[in-house]
Amino acid sequence: MANGILKGKKGIIFGALDENSIAWKVAVQAAAEGAEFVLTNAPIALRMGAINKLAEETGAKIIPADATSNDDLEKLFTESVEILGGKVDFVLHSIGMSPNVRKKKHYTDLNYDFYHKTLDISALSFHRMLAAAKKLDAINEWGSVVGLSYIASQRTFPDYSDMAEAKSVLESIARSFGYHYGNAKKVRVNTISQSPTMTTAGKGIKGFNGFFNYANEMSPLGNAPAEDCANYVLSLFSDYTRFVTMQNLFHDGGFSNTGVSQVVMDKFED
Ligand SMILES: NC(=O)c1ccc[n+]([C@@H]2O[C@H](COP(=O)([O-])OP(=O)(O)OC[C@H]3O[C@@H](n4cnc5c(N)ncnc54)[C@H](O)[C@@H]3O)[C@@H](O)[C@H]2O)c1
């Protein structure tokens, strides 16, 4: 359904690990909409090699960057501007990882070194990225930066663990940095709060299938698929949403505003 809404736009896409990644779908669909971009991921993720196929398919260059390293991020923005022949118009932050979740630490017994890592990788990296871009003046006026969030930032879900705090911080950074970047350079910053999605990060959460099926039955439209999330991201990169900034936008089939659905209630009838 490409309409060329990103024709002439340049960007940077963080977080395409494999074909299931939300960032992967964004890259495929952004290319179809006419965008040119650089793909980036942590060096260790690039070693898996899957991203080479995506780069080939979308005509993108790959620049490694650990999103917790200011030096890597500054290098990434500098090189991207060179490669793309000008400042960028959009940046996708599609990054999340919790060592506590990975190592199955219970929320009431977290490892605090891991906790710092969760926050640094999944949230502070958003600030680092925005700070590097602003310092280097690497984003055009009316450019758009999008991060991906989850409703556990606002309401508790038993096994989302320290990622819940990371998402709260991420959403707060979108508001705070969005204020400053908007004032200084008319750059907008938003987060999209996405339904549970079958990806490497998603499936890493304990009991993810239960999570996924419950949300699906609670949402009037069902869980929002990754491809549709990608389309929503593209709309925020486009000129059709120029005055949208500092928002956390739900892309969840209606889950966030549903008290209970009939399907779920029926399961409790005698
Ligand atoms: N899958 C879901 O259910 C779901 C729901 C809502 C929001 N999200 C969010 O969507 C985003 C993308 O996740 P996904 O579901 O596509 O999973 P994914 O596992 O495909 O993507 C996560 C990415 O983060 C990258 N990453 C990890 N550490 C990094 C670092 N130090 N530097 C740079 N990159 C690093 C990984 O290499 C990977 O590409 C995340 O923010 C995630 O929390 C996912």
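Residues numbered from 1 in each chain as written. Predicted model: local features only at pLDDT ≥ 70, side-chain atom pairs only at ≥ 80, totals over all residues.

Within the protein chain one finds eleven helices and seven strands. By its C-alpha atoms, the protein chain is 65 × 45 × 40 Å across when sized along the principal axes. Buried residues in the protein chain amount to 44% of all 270 residues. Pairs at least 24 residues apart make up 74% of the contacts formed inside the protein chain by residues separated by at least 6 positions. (Helix = DSSP H or I, 4+ residues; strand = E, 2+ residues; numbered from the N terminus. Buried ≥ 20, exposed ≤ 12 C-beta atoms within 10 Å, placed from the backbone. Contact = placed C-beta atoms within 7 Å.)

The next point concerns the site of the ligand. The environment of the ligand is made up of 27 residues, and the closest members are Ser21, Gly96, Thr199, Ala201 and Gly202. When contributions to the shell around the ligand are tallied by element, the ones reaching two or more residues are helix 1 (22–32), strand 5 (139–149) and helix 8 (200–203). The leading source of residues in the shell around the ligand is helix 8, at three residues. Taken together, the residues that form the shell around the ligand break down as 14 nonpolar, twelve polar and one charged. (Near = placed C-beta within 6 Å. Nonpolar A, V, L, I, M, F, W, Y, C, P; charged D, E, K, R; others polar.)

Tracing the backbone shows Phe37 in strand 2 (residues 36–40). Overall, Phe37 belongs to the buried group, with 28 C-beta atoms counted inside 10 Å. Sequence-wise, Phe37 and Asn3 are 34 residues apart; in three dimensions their C-alpha atoms are separated by 18 Å. For Phe37, the residues in contact, after removing those within four places along its chain, are Lys10, Gly11, Ile12, Ile13, Ala27, Ala30 and Ala60.

Judged by nonpolar contacts, the single largest core of 72 residues is most densely connected at Ile13, Ala27 and Val233. Sorting elements by how many residues they give to this core places helix 7 (residues 163–185) first, with eight residues. (Core = buried A, V, L, I, M, F, W, Y, C linked by C-beta atoms within 7 Å.)

Leu124 marks where helix 6 (residues 112–135) bends most, by close to 50°. Turning to helix 6, its buried residues are Thr118, Ser122, Ala123, Ser125, Phe126, Met129, Leu130, Ala132 and Ala133. In the core, the buried residues of helix 6 are packed alongside helix 4 (70–84), strand 4 (88–93), helix 5 (99–102), strand 5, helix 7 and strand 6 (188–194). (Bend = angle between axes of the 7 residues up to and from the residue.)

Bringing the packing of helix 4 against helix 6 into the picture now. Packing of helix 4 against helix 6 brings their axes to within 9 Å, and their N-to-C directions diverge by 45°. Relative to helix 6, the element helix 4 is oriented oblique. Regarding helix 4 and helix 6, the two cross each other, and that crossing is right-handed. Seen from helix 4, the contacting residues are Asn70, Leu73, Glu74 and Phe77; seen from helix 6, they are Arg128, Met129, Ala132 and Ala133. (Axes fitted to C-alpha atoms, helices over the stretch in contact; angles between N-to-C directions. Parallel < 35°, antiparallel > 145°, perpendicular 65-115°, else oblique. Left-handed = near helix turned anticlockwise from the far one by under 90°.)

In the predicted model, the protein chain carries a mean pLDDT of 97, and the fraction of residues at 70 or more is 100%. Helix 8 is the least confidently modelled element of the protein chain, averaging 84 in pLDDT, while strand 6 averages 99, the highest of any element. (pLDDT = per-residue confidence, 0-100.)

So, about the sheet that holds strand 2. Spatial ordering of the open sheet is given by 3-2-1-4-5-6-7, a layout of seven strands whose pairing is parallel. Every interior strand has two partners, whereas the edge strands, strand 3 (61–62) and strand 7 (248–251), have only one. Sheet topology note: the strand 4/strand 5 ladder contains five bridges and is parallel. Bridging from a neighbouring strand, Leu92 pairs with Val146 of strand 5. Sheet strands touched by helix 7: strand 5, strand 6 and strand 7. Its angle to strand 6, the strand with the most contacts, is close to 155°. Contacts from helix 10 (residues 226–237) reach strand 1 (10–14), strand 4, strand 5, strand 6 and strand 7 within the one sheet, and its direction differs from that of strand 6 by about 165°. (Pairing = 2+ DSSP bridges.)

Moving on: unusual backbone geometry. For Lys104, which is not glycine, the phi dihedral falls at a positive 55°. Turning to its location among the elements, Lys104 is positioned in the loop between helix 5 and helix 6. For Lys104, a count of 10 C-beta atoms within 10 Å corresponds to the exposed category. For Met246, which is not glycine, the phi dihedral falls at a positive 65°. The topology assignment puts Met246 in the loop between helix 10 and strand 7. Classification of Met246 as partly exposed rests on a count of 17 C-beta atoms within 10 Å.

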